[in-house]
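# Examination of the molecular architecture
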Amino acid sequence: MEMEKDARPSWDNPMQFVLACVSYAVGLGNVWRFPYLCQMHGGGGFMIPYLLMLILEGIPLFYMELAIGQKMRLGSIGAWSAINPYLGGVGIASVVTSLYLCLYYNVINAWSFWYLFHSFQSVLPWAECPVNSNQTGYIEECEVATPTQYFFYRETLNISPSIDDNGRVHMGQALCLVLAWMIVYLFIVRGVKSTGKVVYFTATFPYVVLIIYLIRGVTLHGAMNGVKYMFTPKLEQLADPRTWINAATQIFFSLGLGFGSLIAFASYNHHNNNFERQAIVVSLINSSTSIFASIVTFSIYGFKATFNYESCLERMRLLLLNTFDMAEDTITLDNVDYWITELNRTHPDQFANLAPKLDTCDLVAELDTAVEGTGLAFIVYSEAIKNMPASQLWSVLYFSMLLLLGMGSMLGNVTAIITPLRDFKVLARNFSNETLNGLVCVFCLLLGLGFTTRSGNYWFTMFNEYGATFSLLFIVLIEIITVSYVYGLKRFEKDIEDMLGHRPNWYWKIMWAVVSPVLLISLFIFYIVDYIRGGTPTYQAWDAVLGKSVVMEYPWYGQAFIALLLVSSVCCVPITALYAFCKKKQKEAKSVPRHEHTVSTVSVV
């Protein structure tokens, strides 16, 4: 099938392209994944492997994908088919992976809409437990959990006790998902022309909110406890291989490598656009945003941890005062620990009866409690926000920021699907931009409705953990090997010289030829070994009786679906190569009777 390359639209100016890349790369992972990794791997010490991996892996691969897109002026399928007819499957694998991402990623935007709409109330609905149907007390599930957990798991998800219990579609969530896809469609309706206008807002407004939150965050009581915790390096963590592996994977996924989005965006550049400078700028902005967002997050962590720590001390203070009939001002928050030790010494029998009611109050333990993903974004942050003055305002700002971060990434995700499709002449001739974009959005919406059922969050987790990681490592590994050793670095250098007027320096060549491939092979092997050693895949199921998540094994069909997710995109590469080989042999066979010995060019469907 022929590719459409003529009369290709372009960005109005280089700034639009940079903002589109920033909007795409700076996403939810910067807010909820990077702070978690800092917390897990030694605070400020994690910056060392993170920045090293940025230099050794992130920037060179980002540069490479921009160069391919700008040179070929085609989406991922067309670009890789042009490089080598047998490699069209690399582009198809990127499209399939982007499709998986689109299906569940916009569900997060639907949750953001849900929380945003519920923020316009005199009392935030996750600030306190709702009253039961008899009006005699609070709902039991909320009492054994927390109001923020109850609102997320019951009100937002109406989650089932396991993946086996499907249940009906949550109508509120379904409507929010429809709204999310409608907005995505409006953002991309005219392709690069409409996307180029939208990114001015989606790329900049989150920074406005982050700056506002930073100013507010560092003024909160206890915020400095969190910031100090972040910047206090635990250098012993550098001896743990997982620290380095997580730094590499965070750089890899944060920049959005392998999805085809960067190739698609770059394909709309003018031929002589300076993508080298843009690759460095966008990569540095992305990593700087992660660090900046972490300062904001840890100031919120510090506030929440200090609030919980002092609440614990206050409970212990009141317990001691009431048990031992002491004067109100005898025990303060500062000397609770002293009085616990003293009363245990002077009243051992009475204190022994009290011991089961005593909690251990530890600020460091509170700060050590690591939460990532939706747990951080929709539970921990919500819990901190409800304790702030003017909590409704901060809630609206926060979920507006989450929404724009998610929408900005969705622009790149959907573009990675639509651009290769529009490159096929048969689709370009028969469907307008508006129609094709609409069909893709409707298709993703209909499949995504499955995530709004009662068991939908378990399938969401499955897609999030297994839908992209393995396939992206494989895709980018094939990309770097192809460019360095199949297409050839000499040819690639000439292509870059043709666009920029100079060849890439020694740094880029060493990274592409040796360092990046070795790192990617190491990550790929580690992922496979880790998956095999992990045993039966498990998930976190919500137990309404206990009011907490419990670990459960995926049923047989869940494990089969995980295997399908892992191989479905990867297998596109060998299948497409085999198809291209068979087509080539078929054409050669037909040419023999006519004594034609020229090798035909193979085009990939």
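Keep in mind it's a predicted model, so treat the numbers as computed, not measured. (Residues numbered from 1 in each chain as written. Predicted model: local features only at pLDDT ≥ 70, side-chain atom pairs only at ≥ 80, totals over all residues. Heavy atoms only, no water.)

### Comments concerning the pairing of strand β2 (residues 548–553)
- Pairing analysis gives 6 bridges linking strand β1 (residues 538–543) to β2, with the strands arranged antiparallel. Note that in β2 the partner of Thr538 across the bridge is Glu553.
- Between β1 and β2, which pair antiparallel in sequence order, lie 4 residues; one of them, Gly547, sits at a positive phi of approximately 70 degrees. (Pairing = 2+ DSSP bridges. Helix = DSSP H or I, 4+ residues; strand = E, 2+ residues; numbered from the N terminus.)

### Some details on empty space enclosed by the protein
- Inspection of the entire model under this criterion finds 3 cavities of 30 Å³ or more.
- Each pocket or cavity is described by its volume, and for the largest cavity that value is around 60 Å³.
- Along its surface, the largest cavity is lined by Val107, Trp111, Thr156, Leu157, Gln173, Phe451, Thr452, Thr453, Arg454 and Asn457.
- A class-by-class count of the residues in the lining of the largest cavity yields 4 nonpolar, 5 polar and 1 charged.
- Every residue lining the second largest cavity is listed: Ala67, Ile68, Lys71, Met72, Ile83, Val483, Tyr487, Phe492 and Asp495. (1 Å grid on protein atoms, 1.4 Å probe; cavity = no way out; pocket = protein on both sides within 12 Å on 5 of 7 lines; lining within 4 Å. Points joined across faces, edges and corners; volume = space filled by probe spheres on them. Nonpolar A, V, L, I, M, F, W, Y, C, P; charged D, E, K, R; others polar.)

### Thoughts on a nonpolar patch on the surface
- Where nonpolar side chains cluster on the molecular surface, the patch consists of Ile481, Tyr485, Trp506, Ile510, Val514 and Val518 and spans about 630 Å² of accessible area.
- Those elements that provide at least two residues to the nonpolar patch are α24 (469–486) and α26 (506–533).
- Relative to the assigned elements, Tyr485 resides in helix α24. (Patch = residues over 30% accessible without salt bridge, like charges linked within 9 Å, V, L, I, M, F, W, Y side chains within 5 Å. Areas by Shrake-Rupley, 256 points an atom, 1.4 Å probe, with all protein chains shown as cover. Salt bridge = Lys/Arg side-chain N within 4 Å of Asp/Glu carboxyl O.)

### Considerations on the state of the cysteines
- Taken as a whole and judged by the stated rule, the model has 2 disulfides.
- Sulfur-sulfur distance for the disulfide between Cys312 and Cys361 comes to 1.9 Å. Measuring the twist about the S-S bond at about -80 degrees, one finds the Cys312-Cys361 disulfide to be left-handed. A residue pair is termed long-range when its members are at least 10 positions apart, and Cys312 in helix α15 (residues 275–324) and Cys361 in the loop between α17 (348–354) and α18 (363–368) qualify at 49 residues.
- Accessibility expressed as a relative area gives 16% for Cys361, which makes it buried.
- For Cys21, which is in no disulfide, the shortest distance to another cysteine sulfur is to Cys102 and amounts to 16 Å.
- You can see Cys441 has no disulfide; the closest cysteine sulfur is in Cys444, sitting 6.8 Å from it.
- Exposure remark for Cys441: the relative accessible area of 4% places this residue in the buried category. (Disulfide = S-S within 2.5 Å. Buried < 20%, exposed > 50% of the residue type's maximum accessible area, 1.4 Å probe, protein only.)

### Quick notes on helix α5 (residues 76–83)
- The buried count for α5 comes to 7 of 8 residues, which makes it a mostly enclosed element.
- For α5, the full list of buried residues reads Ser76, Ile77, Gly78, Ala79, Trp80, Ser81 and Ile83.
- Close packing links the buried residues of α5 with α4 (47–72), α6 (88–117), α14 (261–266), α20 (391–423) and α24. (Contact = heavy atoms within 4.5 Å.)

### So, the UniProt feature "binding site: Na(+)" (unreviewed entry) in the chain
- UniProt feature "binding site: Na(+)" (unreviewed entry): in the numbering of this structure it lies at Ala25, Val26, Asn30, Ser254, Asn286, Leu405 and Ser409. A compact arrangement is adopted by the annotated residues: their sequence extent is 385 residues, whereas the largest C-alpha distance between any two is 12.5 Å.
- Structurally, Leu405 can be placed in helix α20.
- Ignoring anything within four residues of it in the chain, the contact list for Leu405 reads Ser23, Val26, Gly27, Leu28, Val31 and Pro206.
- Turning to its location among the elements, Ser409 is positioned in helix α20.
- When near neighbours in sequence (up to four residues on either side) are disregarded, Ser409 contacts Ser23, Tyr24, Val26, Gly27 and Tyr105.
- Here Tyr105 takes part through its side chain, which lies 3.5 Å from a polar atom of the side chain of Ser409. (UniProt positions renumbered as here; feature names shortened; annotations may be inferred. Polar contact = N/O pair within 3.5 Å; in protein donor to acceptor, adjacent residues only side chain to side chain.)

### Quick notes on the environment of Ser516
- Structurally, Ser516 is set in helix α26.
- For the pair Ser516 and Ile55, spaced 461 residues apart in sequence, the C-alpha to C-alpha distance is 10.0 Å.
- Other than its neighbours up to four places away in sequence, Ser516 contacts Leu56, Glu57, Pro60, Leu61 and Met511.

### Remarks on the pattern of salt bridges
- Counting across every chain of the model gives 12 salt bridges.
- A salt bridge links Lys197 to Asp12; the nearest nitrogen and oxygen atoms lie 2.9 Å apart. Residue Lys197 is found in helix α10 (residues 192–202), and its partner Asp12 is found in the segment before α1 (14–25); the two are separated by 185 residues along the sequence.
- Residue class for Lys197 comes out partly exposed when judged on its relative accessible area of 47%.
- For Asp12, a relative accessible area of 45% corresponds to the partly exposed category.
- Each of Glu493, Glu497, Arg503 and Lys509 takes part in a single network of salt bridges with overlapping partners.

### Focus: the environment of Asn505
- Structurally, the position occupied by Asn505 is in the loop between α25 (489–500) and α26.
- Residues Asn505 and Ala20, spaced 485 residues apart in sequence, show a C-alpha to C-alpha distance of 27 Å.
- A polar atom in the side chain of Asn505 sits 3.1 Å from the backbone nitrogen of Tyr507.

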